[in-house]
Amino acid sequence: MRKKMGRKSGTKTTLFFLLISLISFLAFAPVLAPLPSFSSHYSLSPRHRHHHHRKVKPRSFEIDDDKFWKDGEFFRIIGGDLHYFRILPQYWEDRLVRAKALGLNTIQTYVPWNLHEPQPGKLVFEGIADLVSFLKLCHKLDILVMLRPGPYICGEWDLGGFPAWLLAIEPPLKLRSSDPAYLRLVDNWWGILLPKVAPFLYNNGGPIIMVQIENEFGSYGDDKAYLHHLVKLARGHLGDGIILYTTDGGSRENLEKGTIRGDAVFSTVDFTTGDDPWPIFKLQKEFNAPGKSPPLSSEFYTGWLTHWGEKNAKTGADFTASALEKILSQNGSAVLYMVHGGTNFGFYNGANTGVDESDYKPDITSYDYDAPISESGDVENAKFNALRRVIELHTAASLPSVPSDNGKMGYGPIQLQKTAFLFDLLDNINPADVVESENPLSMESVGQMFGFLLYVSEYTPKDDKSVLLIPKVHDRAQVFTLCHSEDNNRRPTHVGSIDRLSSKKLGLPNAKCASNISLFVLVENQGHVNYGPYIFDKKGILSSVFLDGSILHGWKMIPIPFHNLNEVPKINLIIEVAHSRFITVSTQRELKDKPGNVSEVPAFFTGHFFIENANQIHDTFISFSGWGKGIAVVNDFNIGRYWPSFGPQCNLYVPAPILRHGENVLVILELESPNPELVIHSVDHPDFTCGSSKSSVHQL
């Protein structure tokens, strides 16, 4: 219900009226005039707006009369999601300045638990995880913040922001519920996180105007006890002055399950871009207290995510701008998701599922999202311009000037050299890290949260063909065999691959071997599921392994450690390989592939490129066209996964702060099929035309 503000009139004597007026003047009583209605076009000048404010409250951000009020004046949120953990810290200010130039006054960001606590009790708040510095920078630039601390965030981020080690706890936790064991861990995490952000609340002098509880919980469950626990926990750390909010899809069912009735928590909505927003905002009001429902689309989609093997998601600039106009033209608020997507560096990309658990769809490395500020920060594009024109119409103050796009540089071809086969490096693994078990264990159970785990067993050869069956593997397995008695210098031979979507049976070759045959199963975690009913997504071999119908026992699990964004492995194989540039003649001869085995054994390749002058250090893209599948590291920074044979992403973004004057080192782990010429190119542009997929423009 919309409150009416005004003053009652009555018949008074002139003397009494003058007396009351004098008292009011001496007491500095404000004049309360009717507020602009939602249907009016809000473009009042600062002078005019002076007559439409309430009593000024220093450092206050409130909801009343179905509007936001900042320091006592009407305020409309024109915001955008921009995630500090998808952008190098050196570029935080650059991207925020571009968001301001678009006309935004607010930034919304998630806080991924797994980034900040990659191992139990190991806390990381430095580098790309330096949330405090990001909040300080927002405050310095006069940008407000809507904080989304989870503990579940979704966000196309690995496991929706949950640390994967939660999946290793026994008995299993029930995530996103009032399970006491789960809540104890949430209490501990928020007990660390929320005191760090409390000084940055708006009423404490900082930029944070609202804090979200969970994320789209109505799409998942209806455990209201869980939501009430989070509210109580947030209030205990942040106090009663901060606005807490929920975000749910704009349907009655989602709002019924995901919101908290009353005025303790503000209920916001998201919906498909292009939907008529105002019937949904009317529905939103039913789930907020009277006068406490300013219309807010807390995720206004500027684009969409892309999975490997799909067409690159695009939305039309004019279509997106027109949808935003429908909200802003009637004084509604919106947060662009995304204003700038950034990159899923390292192994942090998430994944989705379709009709069942096996219908698995991992996200590509780029999180460009077809946002108005591109993955590399470009703003000279139709979508940025179209959205800026709409925002400018509904903003009283003039917008900042638009920065030019940052320079890009292609450093040309990079000749690679094979520096090691993956299996040759197993001797470098600390024996203490190898786990033995009768049956295969999940990655998380052996402490491997990302990347790869090698399962090793052995079997007795038969005269006829053997059949291998792995009913449940997450997410992709390459199978190899090795007969030690034939040639002690041989490497395992690739016999096939298994993944969540394919047939799980694989024929093993007849090997006339005088000893047992070693079986190697290299399993890649392609990203934990971040959304939906199958989020309890353990990785590795999750079932018994059958050989000719009998269970194969006796397994060793060998972790293959790589750098992620925020953790240093016990043995950094990448560094060892990167510094193996001086290879002896005998080693070079040893690294040559045998006929028929060129494209099937995982191997490391190293290349170097030089930047002659410091002023030539610019963003670049590494093109993997002609290669198979793997991961890439530049100057010891994991820039992410490549898979051009599946597409659509051909090139990986390399921000300039990763590069250095002089020699730069590129190391890749190619899992399948290296380019025969062993050449990779550094180019000055992105490319999403690989595989069988092509870009297409669609309307969400």
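Residues numbered from 1 in each chain as written. Predicted model: local features only at pLDDT ≥ 70, side-chain atom pairs only at ≥ 80, totals over all residues. Heavy atoms only, no water.

### Considering the sheet that holds strand β32 (residues 651-654)
Selection rule: For two strands to pair, DSSP has to find at least two bridges joining them. Under the DSSP-based scheme used, a helix requires at least four consecutive residues in state H or I and a strand at least two consecutive residues in state E, with every element numbered from the N terminus. Helix axes are fitted only over the stretch in contact, all axes being lines through C-alpha atoms; the angle between N-to-C directions runs from 0 to 180 degrees.
Spatially, eight strands are ordered β31-β30-β33-β28-β15-β34-β29-β32 in an open sheet, and the strand pairing comes out antiparallel. The open sheet has two free edges, formed respectively by β31 (637-642) and β32, since each of these has just one partner strand. Pairs of neighbouring strands in the sheet enclose a mean axial angle of 25 degrees, with direction left out of account. Of the pairings in the sheet, the one linking strand β29 (residues 620-623) to strand β34 (residues 679-683) comprises three bridges and is antiparallel in character.

### Points about the confidence of the model for the chain
Detailed reading of the predicted coordinates is not advisable wherever pLDDT is low. Where we set the bar: The quantity known as pLDDT measures the predictor's confidence residue by residue, on a range of 0 to 100. What makes two residues a contact is simply this: any of their non-hydrogen atoms within 4.5 Å.
Mean pLDDT over the chain stands at 88; residues scoring 70 or higher make up 85%. Predicted confidence for residues 1-52 stays below pLDDT 50, and this span has 54 contacts to residues more than four positions away or in other chains. Note on residues 594-598: pLDDT under 50 across the span, and four contacts to partners over four residues away in sequence or across chains.

### Some thoughts on the packing of helix α10 (residues 317-328) against helix α11 (residues 382-393)
What counts here: Throughout, the term roughly parallel applies to angles under 35 degrees, roughly antiparallel to angles over 145, roughly perpendicular to angles from 65 to 115, and oblique to all others. In this scheme, a crossing is called left-handed if the near helix is turned counterclockwise away from the far one by less than a right angle; it is called right-handed if the turn is clockwise.
The interhelical angle for the contact between α10 and α11, taken along N-to-C directions, is 20 degrees, at an axis separation of 8 Å. Taken together, the axis directions place α10 and α11 in an arrangement best described as roughly parallel. Judged by the twist between their axes, the crossing of α10 over α11 is right-handed. Contact with α10, carried on its side by A317, D318, T320, A321, L324, E325 and L328, involves A382, K383, A386, L387, V390, I391 and L393 of α11 and no other residues of that element.

### Topic: α10
Filter applied, for reference: By this rule the span expected of a helix is its residue count minus one, scaled by 1.5 Å. Between buried and exposed lies partly exposed: a residue is buried under 20% and exposed over 50% of the maximum accessible area for its type, with that area taken using a 1.4 Å probe on protein chains only. Read the arc as the range of directions from the helix axis to the C-beta atoms.
Between the first and last C-alpha of α10 there are 17 Å, a value that for twelve residues agrees with the 16 Å anticipated at 1.5 Å per step. Along α10, the residues that are buried comprise A317, T320, A321, A323, L324, I327 and L328. Angularly, the buried residues of α10 cover 160 degrees about the axis, an arc narrow enough to put them on a single face. Looking at the buried positions of α10, the neighbouring elements they touch are β4 (78-82), α9 (277-286), β10 (296-301), β12 (333-340) and α11.

### Describing the packing of helix α3 (residues 92-102) against α11
Convention followed: Residues were grouped as follows: Ala, Val, Leu, Ile, Met, Phe, Trp, Tyr, Cys and Pro as nonpolar; Asp, Glu, Lys and Arg as charged; and all remaining residues, including Gly, as polar.
Viewed as axis vectors pointing N to C, α3 and α11 meet at an angle of 55 degrees, and their least axial separation amounts to 8 Å. Comparing the axis directions of α3 and α11 gives the class oblique. From α3, R98, A101 and L102 reach across to α11, where they touch F384, L387, R388 and I391. Taken together, the residues of the contact of α3 with α11 break down into five nonpolar, no polar and two charged.

### Focus on the packing of aromatic side chains
Centre distance and the angle of the planes are the two values used to describe a pair of aromatic rings. To keep things clear, this is the line we draw: The pairing test for Phe, Tyr and Trp rings, Trp by its six-membered ring, is centres within 6.5 Å, and the orientation test on the planes gives stacked under 30 degrees, edge-to-face over 60, and tilted for anything in between. For a Lys NZ or an Arg CZ to count as sitting over a ring, it must be within 6 Å of the ring centre and within 35 degrees of the ring normal.
Taken as a whole, this structure holds 42 aromatic pairs when the rule is applied. On the basis of an interplanar angle of 5 degrees and a centroid distance of 4.7 Å, the ring pair of W157 and Y348 is categorised as stacked. Linking W157 in the loop between β6 (144-148) and α6 (180-197) with Y348 in the loop between β12 and β13 (351-353), this pair joins segments that are 191 residues apart in sequence. Ring pairs connect the aromatic residues W113, F125, Y152, F162, W165, Y182, W189, F217, Y220 and Y226, which therefore count as one cluster. The side chain of R86 reaches across the aromatic face of Y367, ending 3.7 Å from its centre. Positioned over the ring face of Y91 is R95, at 4.4 Å from the centre of the ring.

### Details of the UniProt feature "active site" (unreviewed entry) in the chain
We apply this condition: UniProt positions are given in the numbering used here, feature names are shortened, and annotations may be inferred rather than shown by experiment.
UniProt marks E216 and E299 with the feature "active site" (unreviewed entry), using the numbering shown here. Spanning 84 residues, the annotated positions come together in the fold, the maximum distance between their C-alpha atoms being 10.7 Å. Following the sequence through the fold, E216 ends up in the loop between β7 (208-212) and α7 (224-238). According to the relative accessible area criterion, E216 is buried, its value standing at 13%. Every residue in contact with E216, bar those within four places of it in the chain, is listed here: R176, T247, D248, D270, E299, Y301 and Y531. Structurally, E299 is set in strand β10.

### Examining the sheet that holds strand β22 (residues 505-508)
On the basis of which strands lie adjacent, the open sheet formed by four strands has the order β22-β18-β25-β26 and antiparallel pairing. Unpaired on one side and paired on the other, β22 and β26 (550-551) mark the two borders of the sheet. Alignment of strand β18 (residues 466-469) against strand β25 (residues 546-547), held across two bridges, turns out to be antiparallel. When the bridges of β25 are listed, L469 appears paired with F546.

### Looking at the pairing of strand β15 (residues 412-421)
Burial analysis of β15 places seven of its ten residues in the buried class, which makes it a mostly covered element. Strand direction decides the pairing type here: β15 and β34, joined by four bridges, are antiparallel. The residue bridging I414 from the neighbouring strand is I680, located in β34. Two elements, β15 and strand β28 (residues 603-611), share five bridges in a ladder whose sense is antiparallel. Across the sheet, K418 pairs through a bridge with F605, a residue of β28.

### Points about the nonpolar core
Here is the rule we go by: By nonpolar core we mean a set of buried residues, namely Ala, Val, Leu, Ile, Met, Phe, Trp, Tyr and Cys, connected to one another through side-chain atoms within 4.5 Å.
Of all hydrophobic cores here, the largest spans 158 residues; its most connected members are I208 and I668. Ranked by the residues each element gives to this core, the list is headed by α6, at eight residues. Every residue in contact with I208, bar those within four places of it in the chain, is listed here: L135, V145, L147, V197, F200, L201, Y202 and I242. Core analysis: the next-biggest nonpolar cluster, separate from the first, contains 25 residues, Y459, I498, W555 and M557 among them.

### Some points on helix α5 (residues 131-140)
Three or more residues of α5 are buried, namely L131, F134, L135, L137 and C138. Here the buried residues of α5 occupy an arc of 160 degrees about the axis, which is enough to place them on one side. Residues K136 and K140 are exposed on α5 and point more than 90 degrees away from its buried face. A positive backbone phi angle near 60 degrees is found at D142, which sits one or two residues after α5.

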